[in-house]
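# Structural description and commentary
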Amino acid sequence: MHVRRFFFDFFAAGILVLAASTYSEAQAPSTLLIRGATIVDGLADAPLRDRSLLIEGNIIRGLPPADAPAPAGAQVLDLAGKFIIPGLFDSHVHWEAFMGELLVNHGVTSILALDNVPKAVRARSQDAHDIPRLFHTGARPQFAPNSTEADISEAMRTSLQSEPDLAWFPQYSGRFSRAYQFAADQAHKAGLMVFGHSDDAPGAIRDGIDILEHVWGYAEAVMSPEELRSFQDGKLLTWATQLNDWSKLDGMIADAVGRGIYLNPTMTYEWGGLSRRALERELEDYRTISNPDLVYFPRNVSDSILARHRQIKNFSSRYDSMPWVSKLPAADRGEFEIGYKNVREFNRRWVAAGGKIQAGTDIITGGIPGFALHHEMEMLVESGLTPMQALKSATSWSAEIVEGKNKARGEAKVGSIRAGNFADLVVVSADPLSDISNTKKIERVMKNGRWVELGYHPEYFTFVRPARSLAAATFAPAISSIQPSSVKAGSGPVRVALDGSGFMMTSLVRVDGVSVKTIFRDPRHLEFDLPAQAIERATPNPYFAPGPAQNTGIIGYRAVSIHVFNPPPEGGTSNTVQQMVLPN
């Protein structure tokens, strides 16, 4: 699969390169002095209101005083009343080639792709206007808790051959300690930071992780053995309700911050359905993907993304993986709300302790490429970060990924507005520090010293195979048994129970093709009332030849067809079972 993807991405890059080169030639590098705008450089704690911005070719040369004379031959651009922020950096992307235009149009000029992106595509991304700069993890090193040091060394050598900007490791647990520590040491010697999931955040930090994906590793670390077993057995709705022992957590946060660990909490993906602005964001996403020029945006993906704004990630065996918030019983809704509050408080305490958060979206599962990063910043502000801190999380703090362990790879040339950096920036019409949502009011995007032609192009991408489903997408259910399996004709409504799998809170039973009210018990059990009119008679029997009237019932009493339908996103129809209708 990886081989096919390599050639597909390479082919896609080749299709787009001609258009990109034509556009680049039309905007040859020159000297540009921008005056009048307020500059938020992604580094300082306050905006720069008395500076201009000097760009030569694709490099920022400096931030001279506002009234500094323009260099000879320079173009001067007055952006009075506007605000300039660094090009945004999404630090958590499951890269797909169709994302490029969307990311750049929303000001995302750099991403970390959790993938092995072909070298030709990465090289093109540095200059092309319709794709962000692609930093990547390369081939994920394959090792297990029982791997030998020789096996781990070979896995790391293989991974390093793909020239990664970061080491993306398997999910950490206590069983991984020895192997993880050995692999992390090799990654650090190569100058790379280590990024990954963890079921024990303090243990992963001890054994070499540098950037924590998600927050659950801290909740599991403070659970009692009984609570952890309950969680692992699917008896808890969410890990986040246990993220509340602040006497322990504050010490863990202090230790992590002291070690320079980063947190990548993916708030929109994990918790967006509980945000007070969830429906507003759903509408924003809908307006974006309904643009007719985005004809290439896959329908199954757009349906799933829109649904995410009304769903919440569930970890119990009581519901499907992404139940609809509006259908939750009040007690369970309250439990999720407590967990959401705990996670926001954890984020706030992390940054208050001096820690850095990296705004990563987990796209495509985490939202519309590009737009999702603005939503992520909004949710970080909802957590208690200031707009400046949220903006840094999507610029300079995220860009530090590519600097490597202890800056072994040098200063990042992206993610901030400073001399020597690439000229990647975004012009917005309103102050993002008064309202972080103003980052969405984009008027211009510059990448590599050239203004991007904003807009979408229907021919930008063509899927030559179906788009992949999102993580936790719904699927077709299956029925294994029906009880009772037969009913008496004319018996009136009968409560029927279906056993199977893949049942959801939105599953719908259909009787002879007609939908009926469905009662969700859990992902393996549904109930419904068989309508009286469906079983009012057991005849006619279509198999008997004409002759004397009899009631032998040798073959062929009437059967009622029953199946279960899971609605979009994705979804599908189960197998059909037959409810036999027997004569009285």
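Residues numbered from 1 in each chain as written. Predicted model: local features only at pLDDT ≥ 70, side-chain atom pairs only at ≥ 80, totals over all residues. Heavy atoms only, no water.

### Notes on the overall build of the protein
Helix and strand content of the protein: 16 helices and 27 strands. Taken over the C-alpha atoms alone, the protein extends approximately 110 × 55 × 45 Å along its principal axes. Counting all 584 residues of the protein, 56% fall into the buried class. At a minimum sequence separation of 6, the contacts of the protein that also span at least 24 residues come to 68%. A total accessible area of about 23900 Å² is found for the protein, and carbon and sulfur atoms account for 53% of it. Distance between charge centres in the protein, computed from 58 positive and 64 negative side chains, equals 2 Å. (Helix = DSSP H or I, 4+ residues; strand = E, 2+ residues; numbered from the N terminus. Buried < 20%, exposed > 50% of the residue type's maximum accessible area, 1.4 Å probe, protein only. Contact = heavy atoms within 4.5 Å. Areas by Shrake-Rupley, 256 points an atom, 1.4 Å probe, with all protein chains shown as cover. Lys, Arg positive; Asp, Glu negative; His and termini not counted. Charge placed at Lys NZ, Arg CZ, Asp CG, Glu CD.)

### Examining the environment of threonine 386
Relative to the elements of secondary structure, threonine 386 occurs in the loop between helix H14 (371-382) and helix H15 (387-393). The partly exposed category is assigned to threonine 386, whose relative accessible area is 37%. Along the chain, threonine 386 and glutamate 443 lie 57 residues apart, while their C-alpha atoms are 23 Å from each other.

### Some points on the sheet that holds strand E20 (residues 494-501)
Backbone hydrogen bonds hold the strands of a sheet together, and the pairing may be parallel or antiparallel. Spatially, 4 strands are ordered E18-E20-E24-E23 in an open sheet, and the strand pairing comes out antiparallel. Either end of the sheet is taken by a strand with one partner, and the two such strands are strand E18 (478-483) and strand E23 (518-522). Pairwise comparison of adjacent strand axes, ignoring direction, gives a mean angle of 25° for this sheet. Sheet topology note: the E18/E20 ladder contains 5 bridges and is antiparallel. If you follow isoleucine 482 over to E20, its bridge partner there is leucine 498. (Pairing = 2+ DSSP bridges. Axes fitted to C-alpha atoms, helices over the stretch in contact; angles between N-to-C directions.)

### Looking at the pairing of strand E4 (residues 59-62)
Of the strand pairs in this sheet, strand E3 (residues 53-56) and E4 are connected by 3 bridges, and their pairing is antiparallel. When the sheet's bridge partners are listed, leucine 54 is paired in E4 with glycine 62. Here E3 folds back onto E4, and the loop between the two strands holds 2 residues, one of which, glycine 57, carries a positive phi near 65°.

### Quick notes on the packing of helix H4 (residues 149-160) against helix H5 (residues 177-189)
Interaxial distance between H4 and H5 falls to 10 Å at its minimum, and their mutual angle equals 40°. On the basis of their axis angle, the class for H4 and H5 is oblique. In this structure, H4 meets H5 at a crossing whose hand is right-handed. Counted together, Glu149, Ile152, Ser153 and Met156 of H4 and Arg178, Ala179, Phe182, Ala183, Gln186 and Ala187 of H5 form the full contact between these two elements. Classifying every residue of the contact of H4 with H5 by side-chain character gives 6 nonpolar, 2 polar and 2 charged. (Parallel < 35°, antiparallel > 145°, perpendicular 65-115°, else oblique. Left-handed = near helix turned anticlockwise from the far one by under 90°. Nonpolar A, V, L, I, M, F, W, Y, C, P; charged D, E, K, R; others polar.)

### Observations regarding the sheet that holds strand E17 (residues 450-451)
Spatially, 5 strands are ordered E2-E6-E15-E16-E17 in an open sheet, and the strand pairing comes out mixed. Here the strands that pair on one side only, and so sit at the sheet edges, are strand E2 (38-39) and E17. Across 4 bridges, strand E6 (residues 83-86) lies against strand E15 (residues 425-428) in antiparallel orientation. Within E15, the residue paired with phenylalanine 83 across the bridge is valine 428.

### Brief notes about the nonpolar core
Counting 131 residues, the largest nonpolar core has Tyr218, Trp239 and Trp350 as the members making the most contacts within it. Discounting residues that sit within four places of it in the chain, tryptophan 239 has contacts with Val215, Trp216, Ala219, Met223, Phe231, Glu270, Trp271, Phe315 and Val343. Counting residues in hydrophobic clusters, the runner-up holds 17 residues, among them Ile59, Leu112, Phe135 and Trp168. (Core = buried A, V, L, I, M, F, W, Y, C linked by side-chain atoms within 4.5 Å.)

### Side note on the side chain of arginine 308
With respect to the secondary-structure elements, arginine 308 resides in helix H12 (residues 299-308). Lacking a salt bridge, the buried arginine 308 has aspartate 320 as its closest oppositely charged neighbour, with an N-O distance of 8.6 Å. Apart from residues no more than four positions distant in its own chain, arginine 308 is found in contact with Gly273, Met322, Thr365, Leu470, Ala471, Ala472 and Ala473. (Salt bridge = Lys/Arg side-chain N within 4 Å of Asp/Glu carboxyl O.)

### Topic: H14
Spacing of three or four residues puts side chains on the same side of an α-helix, whose turn is 3.6 residues. In a regular helix each residue adds 1.5 Å, so 12 residues correspond to 16 Å; H14 covers 17 Å between its end C-alpha atoms and thus fits that length. Taking burial as the measure, the 12 residues of H14 include 11 buried ones, the bulk of the element. Among all positions of H14, only Phe371, Ala372, Leu373, His374, His375, Glu376, Met377, Glu378, Met379, Leu380 and Glu382 are buried. Of the residues flanking the end of H14, it is glycine 384, one or two places downstream, whose phi is positive at about 115°. (Expected span 1.5 Å × (residues − 1).)

### Focus on unusual backbone geometry
In this model, isoleucine 363 is joined to isoleucine 364 through a cis peptide bond whose omega is 20°. Inspection of the secondary structure assignment puts isoleucine 364 in the loop between strand E14 (356-357) and H14. The linkage connecting proline 568 with the following residue, proline 569, adopts the cis geometry, with an omega of 5°. Relative to the helices and strands, proline 569 is located in the loop between strand E25 (559-566) and strand E26 (572-573). Within the chain, asparagine 406 stands out as a residue other than glycine whose phi angle is a positive 55°. Overall, the relative accessible area of 70% leaves asparagine 406 in the exposed class. At lysine 407, a residue that is not glycine, the phi angle is positive and equals roughly 60°. Within the element layout of this structure, lysine 407 appears in the loop between helix H16 (396-399) and E15.

### Overview of the pattern of salt bridges
Pairing between side chains of opposite charge can happen when their charged atoms approach one another. Tallied over the full model, the rule gives 39 salt bridges. A salt bridge links arginine 61 to glutamate 56; the nearest nitrogen and oxygen atoms lie 3.2 Å apart. The exposure class assigned to arginine 61 is partly exposed, which follows from its relative accessible area of 45%. Judged by its relative accessible area of 33%, glutamate 56 falls in the partly exposed class. Across the pair glutamate 400 and lysine 356 runs a salt bridge whose closest N-O atoms are separated by 3.0 Å. Taken as a pair, glutamate 400 in the loop between H16 and E15 and lysine 356 in strand E14 lie far apart in primary sequence, 44 residues in all. Through salt bridges with shared partners, one network takes in Arg277, Glu280, Arg281, Glu284, Glu378, Glu382 and Lys440.

### Regarding the packing of helix H11 (residues 278-289) against H14
Here H11 crosses H14 at 170°, and the two axes come no closer than 11 Å. Comparing their axes, H14 and H11 come out roughly antiparallel. Together, Arg281, Glu284, Asp285 and Thr288 of H11 and Phe371, His375, Glu378, Met379 and Glu382 of H14 make up the contact between the two elements. The class makeup of the residues in the contact of H11 with H14 is 2 nonpolar, 2 polar and 5 charged.

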